[in-house]
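# Coordinates in review
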Amino acid sequence: MSYKIDLSGGILTFTIDRPHIRNAINDEVIQGLEELVAQVHNHDPQFVIITASGEQAFCSGGDLSVYQHLRTRNEAYPMLKKMGDVLYRIKTLPVPVVALVNGMAVGGGCEIATACDYRLVRSHAKCGFIQGTLAITSGWGGGTYAMETIPHAEALKMLSEARVYTAQELLENGWATKVVESEAGVEAFFQSMKKIRPEVHRAYKEIAIRKWQSSHLKDRVNEEIRLCAELWEADAHHDAVERFLNKKK
Ligand SMILES: CCCC(=O)SCCNC(=O)CCNC(=O)[C@H](O)C(C)(C)COP(=O)(O)OP(=O)(O)OC[C@H]1O[C@@H](n2cnc3c(N)ncnc32)[C@H](O)[C@@H]1OP(=O)(O)O
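Residues numbered from 1 in each chain as written. Predicted model: local features only at pLDDT ≥ 70, side-chain atom pairs only at ≥ 80, totals over all residues. Heavy atoms only, no water.

On to the sheet that holds strand S6 (residues 104-106), then. Pairing is mixed across the open sheet formed by four strands, whose spatial order is S4-S6-S8-S9. Edge strands, defined here as strands with exactly one partner in the open sheet, are strand S4 (57-59) and strand S9 (165-166). Note that S4 and S6 share two bridges and pair parallel. Each residue of the ladder has a partner; that of Cys59, found in S6, is Ala105. (Pairing = 2+ DSSP bridges. Helix = DSSP H or I, 4+ residues; strand = E, 2+ residues; numbered from the N terminus.)

Rendered as structure tokens:
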């Protein structure tokens, strides 16, 4: 199984469990995220956490060993759309969603964390929208969410530079909610949040969702997915993926 879902103390936690491949996303993880959404609606938790196994990586994006076989725009689009749709459903869950960024979050991994309401970033973690180095854009909605989350120039810079940022840089540009040294920092965050009644958190989330609906967030995400699918089929993308996968051979 590529993921775990656990409910404890009113917190529903989704853990990507593929540390050997830096928690890259495959179809099973995408299905798991769909199951997470269903479980939120069934169990009514106070908070949702998305995290991953190990300390090296939160998520290295799409599993390139699998998705390298998607060659054309029409082949790439269904994968991008499926993940984009489930991330939008996660973003618009009625309760706060917290990314516990336990290590590197790059490419689609950075998109997943950006879709969350809060990002608790371990001090050793580095994160970035490195998609540009693969000659594509973000394609799961993360670019659109970055522009909703941090000031425009910071978002555009982070997306366009396509490099990894340190935890300190992420705190400075507003992407990281808090940099945490250890589990104690995470517990302190939730202790503080739990002082406020769940219905208050839900009400604020509802206000945020209304804003996203009125600014047609879903349409903007769909346009991002379409643009990424177009770039996906270029030789420049496939050559870059091949270079990454063959780097040690
Ligand atoms: C589809 C939406 C957009 C996207 O997500 S495009 C994908 C963007 N992701 C990438 O370009 C992959 C980036 N990965 C990396 O840069 C590095 O692996 C990373 C995360 C910095 C970690 O570096 P290191 O700790 O040095 O680990 P490493 O590179 O030796 O990786 C360990 C093993 O995992 C593999 N791996 C890492 N990320 C992967 C991925 N996304 N898809 C497929 N395989 C991946 C890597 O090839 C290596 O495998 P092996 O042990 O050499 O067989």
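Below, the discussion takes up the packing of helix H3 (residues 73-91) against helix H10 (residues 217-232). Running from N to C, H3 and H10 cross one another at 150 degrees; their axes reach a closest spacing of 9 Å. Classified by the interaxial angle, the pair formed by H3 and H10 is roughly antiparallel. Handedness of the crossing formed by H3 with H10: right-handed. Taken together, the residues of H10 that come into contact with H3 (itself represented by Arg73, Ala76, Tyr77, Met79, Leu80, Lys81, Gly84, Asp85, Tyr88 and Lys91) are Leu217, Lys218, Asn222, Ile225, Arg226, Cys228, Ala229, Glu230 and Trp232. (Axes fitted to C-alpha atoms, helices over the stretch in contact; angles between N-to-C directions. Parallel < 35°, antiparallel > 145°, perpendicular 65-115°, else oblique. Left-handed = near helix turned anticlockwise from the far one by under 90°. Contact = heavy atoms within 4.5 Å.)

Right, let's get into the confidence of the model for the protein. The share of residues in the protein with pLDDT of 70 or more is 99%, and the mean pLDDT across the chain is 97. With a pTM of 0.98, the predicted complex shows an ipTM of 0.98. (pLDDT = per-residue confidence, 0-100.)

What follows concerns the sheet that holds strand S2 (residues 11-16). The six strands are arranged S1-S2-S3-S5-S7-S10 in an open sheet whose pairing can be described as mixed. The strands lining the two open edges of the sheet, one partner per strand, are strand S1 (3-8) and strand S10 (178-180). Each strand axis lies, on average, 20 degrees off the axis of its neighbour in the sheet, ignoring direction. The pairing of strand S5 (residues 97-101) with strand S7 (residues 118-122) spans four bridges and is classified as parallel. The residue bridging Val98 from the neighbouring strand is Tyr118, located in S7. Against the sheet, helix H1 (residues 27-43) contacts S1, S2 and strand S3 (47-52), and its axis sits at roughly 15 degrees relative to S1.

Looking at the largest pocket, its volume works out to about 800 Å³. In terms of lining residues, the largest pocket is bounded by 37 residues, among which Ser60, Gly62, Leu64, Val106 and Phe244 are the most central. For the lining of the largest pocket, the elements supplying multiple residues, two or more each, are S4, helix H2 (64-67), H3, S6, helix H4 (108-115), H10 and helix H11 (235-245). Residue classes in the lining of the largest pocket are distributed as 19 nonpolar, 13 polar and five charged. (1 Å grid on protein atoms, 1.4 Å probe; cavity = no way out; pocket = protein on both sides within 12 Å on 5 of 7 lines; lining within 4 Å. Points joined across faces, edges and corners; volume = space filled by probe spheres on them. Nonpolar A, V, L, I, M, F, W, Y, C, P; charged D, E, K, R; others polar.)

We now examine the packing of aromatic side chains. A complete count under the given rule lists four aromatic pairs for this structure. Consider the rings of Tyr3 and Phe14, whose centres lie 5.4 Å apart with planes at 15 degrees: the pair is stacked. A residue pair is termed long-range when its members are at least 10 positions apart, and Tyr3 in strand S1 and Phe14 in strand S2 qualify at eleven residues. For Tyr3, a relative accessible area of 9% gives the class buried. Here the basic side chain of Arg119 rests over the ring of Trp175, its NZ or CZ set 5.3 Å away from the ring centre. The ring of Phe244 carries the charged tip of Lys247 above its face, separated from the ring centre by 4.2 Å. (Phe/Tyr/Trp six-rings, centres within 6.5 Å; stacked < 30°, edge-to-face > 60°. Buried < 20%, exposed > 50% of the residue type's maximum accessible area, 1.4 Å probe, protein only. Lys NZ or Arg CZ within 6 Å of the ring centre and 35° of its normal.)

What follows concerns the packing of helix H5 (residues 142-149) against H10. Here H5 crosses H10 at 135 degrees, and the two axes come no closer than 8 Å. Comparing the axis directions of H5 and H10 gives the class oblique. Mapping the contact onto sequence places Gly142, Gly143, Thr144, Tyr145 and Glu148 in H5 and Leu217, Arg220, Val221 and Glu224 in H10.

Grouped together as the largest cluster of nonpolar side chains are 66 residues, with contacts concentrated most on Val101 and Trp175. Ranked by size, the runner-up nonpolar core spans eleven residues in total, among them Ile11, Phe47, Leu100 and Val186. (Core = buried A, V, L, I, M, F, W, Y, C linked by side-chain atoms within 4.5 Å.)

This part takes up a nonpolar patch on the surface. Residues Ile196, Val200, Tyr204 and Ile207 make up a contiguous nonpolar surface patch of about 390 Å² in total accessible area. Mapped onto the elements, Ile196 comes out in the loop between helix H8 (183-194) and helix H9 (198-214). Under the relative-accessibility criterion, Ile196 is labelled partly exposed at 39%. (Patch = residues over 30% accessible without salt bridge, like charges linked within 9 Å, V, L, I, M, F, W, Y side chains within 5 Å. Areas by Shrake-Rupley, 256 points an atom, 1.4 Å probe, with all protein chains shown as cover. Salt bridge = Lys/Arg side-chain N within 4 Å of Asp/Glu carboxyl O.)

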